[in-house]
Every structure is written in structure tokens, then in C-alpha cells.
Amino acid sequence: MTITVESDAAARLGRVRGEIAQTCREANRDPASVTLVAVSKTFAAEAIRPVIAAGQRVFGENRVQEAQAKWPALRAAHPDLELHLIGPLQSNKARDAVAMFDAVHSVDRASLCAALAKEIARQGRSPLLFVEINTGAEPQKAGVLPDDADGFLAACRETYGLTIRGLMCIPPLEEAPAPHFALTAKIARRNGLELLSMGMSADFETAIAFGATHIRVGTAIFGHRS
Ligand SMILES: *Cc1c(COP(=O)(O)O)cnc(C)c1O
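What counts, and where the lines are drawn
- Residues numbered from 1 in each chain as written.
- Predicted model: local features only at pLDDT ≥ 70, side-chain atom pairs only at ≥ 80, totals over all residues.
- Heavy atoms only, no water.
- Near = heavy atom within 4 Å.
- Polar contact = N/O pair within 3.5 Å; in protein donor to acceptor, adjacent residues only side chain to side chain.
- Areas by Shrake-Rupley, 256 points an atom, 1.4 Å probe, with all protein chains shown as cover.
- Nonpolar A, V, L, I, M, F, W, Y, C, P; charged D, E, K, R; others polar.
- Buried < 20%, exposed > 50% of the residue type's maximum accessible area, 1.4 Å probe, protein only.
- Helix = DSSP H or I, 4+ residues; strand = E, 2+ residues; numbered from the N terminus.
- Pairing = 2+ DSSP bridges.
- Right-handed = clockwise from strand over helix to strand, strands pointing away.
- pLDDT = per-residue confidence, 0-100.

**Q** Hey, could you run me through the site of the ligand in this one?
**A** Close contacts around the ligand come from V39, K41, I86, I170, M200, S201, R216, V217, G218, T219 and R225, and that covers them all. In this structure, a nitrogen atom belonging to the ligand sits 2.9 Å away from a side-chain N or O atom of R216. Separating an oxygen atom of the ligand from a side-chain N or O atom of T219 is a distance of 2.5 Å. Contact with the protein chains hides 88% of the accessible area of the ligand, taken as 390 Å² for the molecule alone. Within the shell around the ligand, the residues separate by chemical class into 5 nonpolar, 3 polar and 3 charged.

Take a look at the structure:
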């Protein structure tokens, strides 16, 4: 039973890698320019280990506390792992997030910028930072509104001294993702940002075609979350 589950995840990872390579060929992109972030949220260490064994090194989690419970042991065994925070971050968790993560994909408000800047200076650690854009202007969703993005990015730099490297978006569930990826890429281009975190299990091929440098894929690798 366990063996079946383990080889399933490794096989699915292989398929995802094949699809990334194929999409990159079609888009005339170097596959090395696309980082696969394997989203392991809700899955236990036992489900993650076979994916590490299959060569995957970059993982994404959406909660600081869950990551703290799962990852220290895995990282001790595999010092070359990279861990990315892809979910919302509360300012009072900035200390733990800066200590634990190599990238934060969800920078979206001034109070969080202040907390991150303080911890980055205090800890001497600099996770890769992405600003999340709420491209669909969905009221329930985190992220900076597209019209506010340029001003927010300027404030990150000038007020908080933060180096933002890219943008992240999560298109509305019920809409075609392409216009949202295009908008995110456009905002990044005019702000001189080179990284784009966009694309999940259902739409990473489209995201790669629109220039994604980081795709966040959970279900297609680990299976459905309960
Ligand atoms: C869960 C999650 C993903 C992965 O979604 P899948 O559809 O399972 O690939 C990607 N990005 C974020 C922000 C998530 O929370």
C-alpha cells in the first residue's frame, strides 16, 4: 500500500516534469528557467519523502506552523532543499517565516513589509520576495490590486528597503487564467521584475507560455488533498 502511494507520487512528478519540458519546447523556453515548486501542504513527511527521493528539491507550503512541524527533520536529512511560503503571511509570523523559508510569494501589504524588513535585517537572511497581485480584484482574496501595484512596489523599495524580485498571482477559479497571467507579466515588466510565480496543477502550461519562472504544483504531484 505505502509502496504504491510512493511510486504514484514519483510517477506523477515525472509526468509533470515531462509536461514542463514539452511546454518549454513549444514556448521556446529553456526548461531550466522554470522552477517547479512542489506544493506539499496537508501532506505528511511520509508522502513527501518519495518526491525528494525522486529528485525534487523545491517545495511549497501555505502555513508557517505546518511547515515548522514537517520540514526541520526533512531538511536536516537533505540540506539542499528549498522551502517556499506560498500562502498568506501574518505580520506576527514574519520572524518565523524569515527564519524558515527561502522564498515568500505572498507579500501584499505595508504592515507585512515592515515586519519582513525588520526580520531580514535582524536575522541576516534574505528570502526571495514576490508581491502577490489580486488580478481578479476578488474581495475575499489576498494580494495588491493591479492599479495599486506600481505604488506598492515603489513603497516596498523606498519606504521599507525591500528587494522584491517578482510577482505572484492566483487567477479566479471560474475564469480563463491567460488574461490574469498576461496582466501579471505586464506589471512585472514595467517594474523591472524578472520572476513570475504563476500556474498551478490546472494551468501551469498556460502560465509557462506567459513567462512563469515559478509554477506551484500540488495536486498533479501529490494527488488530491483531503
Ligand atoms: C495549494 C496551492 C497551490 C497548488 O494548487 P494545486 O491546484 O494543488 O496544484 C498553488 N498555489 C497556492 C497559493 C496554493 O495555495
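Let us keep going from here.
**Q** What exactly am I supposed to notice about the pairing of strand β5 (residues 128-133) here?
**A** Walk down a regular strand and you will see the side chains alternate between the two sheet faces. Within β5, 5 of the 6 residues are buried, leaving the element largely enclosed by the surrounding structure. As paired elements, strand β4 (residues 103-107) and β5 share 3 bridges and run parallel to each other. Looking at β5, one finds that A103 is bridged to L128. The β-α-β motif built from β4, the intervening helix α5 (residues 110-123) and the parallel element β5 has right-handed crossover chirality.

**Q** What am I meant to see in the confidence of the model for the protein here?
**A** Residues shown with low pLDDT carry predicted positions that ought not to be read at fine detail. Mean pLDDT over the protein stands at 96; residues scoring 70 or higher make up 97%. Between the elements of the protein, mean pLDDT differs from a low of 86, seen in helix α1 (residues 2-26), to a high of 99, seen in strand β7 (residues 195-197).

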